[in-house]
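In case you want the letters, here they are:
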Amino acid sequence: MSIKYNNKIIIQFIIFSIILFIGYKTFDFMNTSEVNIDKKNEEITSLSNNNPEEKPEPTNTISDVEYSSTDMHGNIYSITGDMAELTGGSGNILLLTGVYALITLKNSSVIEIYSKNAKYNISNFNTSFTNDIKILYEDNKIFTKNLDYRSLENKVFAYNGVILNNELNNTEVNAERIEFDLLTKNFKILSDENSKKVSIIKKD
């Protein structure tokens, strides 16, 4: 009886040990799995945060903008752009692309301006046009590399390789600069010192 009883105790002890071992391994596996899952989640989060393509980048660009102003003499200046980017510390400078500007002269005709780019000051309306500039005014077509509209001076300045085509007189003028007074509606064709003289070509 004593031997059988001891065997029974030994068997129970072995079974109990096996149950403890299985429970320990199961608990250890679950903890290890949770740690691995947490590590994977941290790695995924880290990769996501380090991926610049997924970060939302702040933008100051807007599309289809239009501004208009009227000076004290009744001339209306309006400018539109396909795209605009705010720049400058005060945020009052717009860099425009796909630009069209219109100067409606009081009791007179209009000046149309086309260009690829322009820098527009929201505060004083001054504008610097660049790249593929074309100006239309009455019978005149003007092509230039740079054009400035100065609101307070009521003048438009074309410079840097200016070509003026007059369809009425069938002439072409090549000059360093052309100044247009919005009040008198007069052109001034100018040449810088020590530069080429103004060239006037009569077309056939």
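Residues numbered from 1 in each chain as written. Predicted model: local features only at pLDDT ≥ 70, side-chain atom pairs only at ≥ 80, totals over all residues. Heavy atoms only, no water.

Observations regarding unusual backbone geometry
Even without being glycine, N107 reaches a positive phi, approximately 55 degrees. Phi is positive for E138, close to 50 degrees, though the residue is something other than glycine. Overall, E138 belongs to the exposed group, its relative accessible area being 56%. (Buried < 20%, exposed > 50% of the residue type's maximum accessible area, 1.4 Å probe, protein only.)

Here we look at the packing of aromatic side chains
On inspection of all chains with the given rule, the structure shows 6 aromatic pairs. With 5.0 Å between their ring centres and 50 degrees between their planes, Y100 and Y114 make a pair best called tilted. Taken together, the positions of Y100 in strand β3 (residues 93-104) and Y114 in strand β4 (residues 110-121) put the pair 14 residues apart, joining distant regions of the chain. Through pairs of rings, three or more aromatic residues link up here, namely Y137, F180 and F187. (Phe/Tyr/Trp six-rings, centres within 6.5 Å; stacked < 30°, edge-to-face > 60°. Helix = DSSP H or I, 4+ residues; strand = E, 2+ residues; numbered from the N terminus.)

Section: the nonpolar core
Of all hydrophobic cores here, the largest spans 29 residues; its most connected members are L96, I103, I111, I113 and F129. Taken together, the elements giving at least two residues each to this core come down to β2 (76-87), β3, β4, β5 (127-137), β6 (140-150), β7 (155-166) and β8 (171-181). The element that contributes the greatest number of residues to this core is β3, accounting for 5 residues. When neighbours within four sequence positions are excluded, I111 is seen to be in contact with A101, L102, I103, L105, I135, L136, Y137, F180 and L182. (Core = buried A, V, L, I, M, F, W, Y, C linked by side-chain atoms within 4.5 Å. Contact = heavy atoms within 4.5 Å.)

A few points about the confidence of the model for the protein
With 63% of its residues at a pLDDT of 70 or more, the protein shows a mean pLDDT of 78. The least confident element of the protein is strand β10 (residues 199-202), whose mean pLDDT is 46; the most confident is β4, at 97. Segment residues 199-204: pLDDT under 50, and 17 contacts once partners within four positions in sequence are set aside and those in other chains are kept. (pLDDT = per-residue confidence, 0-100.)

Looking at the environment of F187
Topologically, F187 is positioned in strand β9 (residues 187-190). Sequence separation between F187 and F157 is 30 residues, and the spatial gap between their C-alpha atoms is 10.0 Å.

A few points about the environment of Y77
Inspection of the secondary structure puts Y77 in strand β2. Along the sequence, Y77 and L102 sit 25 residues apart, while their C-alpha atoms lie 5.9 Å from each other. Within the structure, the side chain of Y77 is placed 2.8 Å from the side chain of T127, a separation counted as a polar contact. (Polar contact = N/O pair within 3.5 Å; in protein donor to acceptor, adjacent residues only side chain to side chain.)

Some remarks on the pairing of β9
Across 4 bridges, the pairing between β8 and β9 is antiparallel. Paired with E179 across the two strands is K188, which belongs to β9. Following β8, the chain reverses through 5 residues before pairing antiparallel with β9; K185 in that reversal takes a positive phi of roughly 65 degrees. (Pairing = 2+ DSSP bridges.)

Here we look at the side chain of T144
Within the fold, T144 resides in strand β6. Accessibility expressed as a relative area gives 6% for T144, which makes it buried. When sequence neighbours within four positions are dropped, the list of residues in contact with T144 reads I133, I135, A158, Y159, N160, G161 and V162.

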